[in-house]
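What follows is the residue order along each chain.
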Amino acid sequence: MAKKLITVIGATGAQGGGLSKAILADQSGEFALRAVTRKPDGDAARALARAGAEVVSADLDDVASLQRAFDGAHGAFCVTNFWEHMSPEKERTQARNLAEASKASRVEHVIWSTLEDSRERVPLTDQRMPTLLEHYKVPHFDVKGEADAFFDRAHTTFLRTSFYWDNLIYFGMGPKPDEKGQLGFVLPMGDKKLPGIAAEDIGKCAFGIFKRGAAALGKYFAIAGEHLTGAQMAQALSRALERSVAHVDVPPAVYRTFGFPGADDLGNMFQYKAEFEAEFCGARDLAVSRSLNPQLQTFAQWLAANAARIPLS
Ligand SMILES: NC(=O)c1ccc[n+]([C@@H]2O[C@H](COP(=O)([O-])OP(=O)(O)OC[C@H]3O[C@@H](n4cnc5c(N)ncnc54)[C@H](OP(=O)(O)O)[C@@H]3O)[C@@H](O)[C@H]2O)c1
């Protein structure tokens, strides 16, 4: 039987990279990988090719290139990278390009990596948090949620992801020392729980969705590895680092003023997750996530493998 070809957007990145590894590691022989990148000669792309992937060049800004990447594929994993440009308009166009190209190529099973549109619960008129860029409350969430409508439900599974614990390594969100050397982990969510996940587990869950096949079409899956408060995360960090880490709680309004690019977007995001904890955590069922990916990691398991990589200064 011919293998089912899966085209993976973002194959050199966190989400698509996890899916690519899962496809390449699968022993069933049911699937083959076409990895998409703008840099086929880059180290990550070469490593994928060596591991058995077909590597193709395409750009989210170029529908024709996406259509070539999708032609002949059974499945497509679609993800956009807001943080590369921080433009909701650009992210909207890229999502539309993905939807149009996958339709034109008649891909049977698309997974769209999405998030909630926060404006459904916090309309722009709601003053609890500032409106950003005129049209958004949490720009990197809102446009992804809005873009759900571009995708044809009959051929799409909508995958709502969670905060990557890897942000502690790559996004400057790890514990930092105060002037006395005491490590503090900043999470502006009071005693509310943050659903988190090992980034590579997102791709593994996506692979579980492709394996489910037609039964997953038209459905939403929201995934997480664990729901933890800032205090619980600090405790787990203390154990893994063998150094005391305190949870530093600040109001979202203070977090928004931290001054790094995207601080206002993330301040609104944490406020949204805290104020709608029941809905946001409730949607991210751990048992469902584990049923898609039996290797789903807890925070402690992720820390056991990764704590040494978290920069502490
Ligand atoms: N950090 C979090 O906690 C978190 C949680 C949930 C959702 N997210 C969302 O995750 C998304 C990013 O995904 P990620 O973390 O997997 O990305 P990543 O690790 O930063 O890598 C970005 C990937 O996207 C590809 N890419 C970017 N622009 C492209 C373009 N114009 N054409 C073709 N490929 C392009 C890159 O490919 P090449 O460079 O090889 O071309 C690369 O593979 C963001 O939109 C973010 O909002 C993040």
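Residues numbered from 1 in each chain as written. Predicted model: local features only at pLDDT ≥ 70, side-chain atom pairs only at ≥ 80, totals over all residues. Heavy atoms only, no water.

Trainee: Describe helix H8 (residues 199-212), and please don't skip the residues or the numbers.
Mentor: With 14 residues, H8 ought to run about 20 Å at 1.5 Å a step, and its terminal C-alpha atoms sit 21 Å apart, in line with that. Every buried residue of H8 is accounted for by Ala-199, Asp-201, Ile-202, Gly-203, Cys-205, Ala-206, Phe-207, Gly-208, Ile-209 and Phe-210. Trailing H8 by a residue or two, Gly-213 shows a phi angle of about 70 degrees, which is positive. (Helix = DSSP H or I, 4+ residues; strand = E, 2+ residues; numbered from the N terminus. Expected span 1.5 Å × (residues − 1). Buried < 20%, exposed > 50% of the residue type's maximum accessible area, 1.4 Å probe, protein only.)

Trainee: Outline the pairing of strand E10 (residues 194-197), supporting the account with residue identities and numerical values.
Mentor: In the case of a regular strand, side chains alternate between the two sheet surfaces. Alternating residues of E10 divide into Leu-194 and Gly-196 and Pro-195 and Ile-197, and every residue in both groups is buried. Summarising the sheet, strand E7 (residues 163-164) and E10 pair through two bridges and their orientation is parallel. What sits directly across from Phe-163, in E10, is Gly-196. Direction of pairing for E10 relative to strand E12 (residues 226-228): antiparallel, over a ladder of three bridges. (Pairing = 2+ DSSP bridges.)

Trainee: Summarise the site of the ligand; cite the residues concerned and give the values.
Mentor: Near the ligand lie 28 residues; those nearest to it are Thr-12, Thr-37, Arg-38, Thr-80 and Tyr-164. A distance of 2.8 Å separates an oxygen atom of the ligand from a polar backbone atom of Gln-15. Within the side chain of Lys-144, one N or O atom sits 2.8 Å away from an oxygen atom of the ligand. Protein chains bury 87% of the 930 Å² of accessible surface belonging to the ligand in isolation. Per-element accounting of the shell around the ligand gives the leading share, three residues, to helix H4 (residues 82-85). Residues belonging to the shell around the ligand are distributed by class as follows: ten nonpolar, twelve polar and six charged. (Near = heavy atom within 4 Å. Polar contact = N/O pair within 3.5 Å; in protein donor to acceptor, adjacent residues only side chain to side chain. Areas by Shrake-Rupley, 256 points an atom, 1.4 Å probe, with all protein chains shown as cover. Nonpolar A, V, L, I, M, F, W, Y, C, P; charged D, E, K, R; others polar.)

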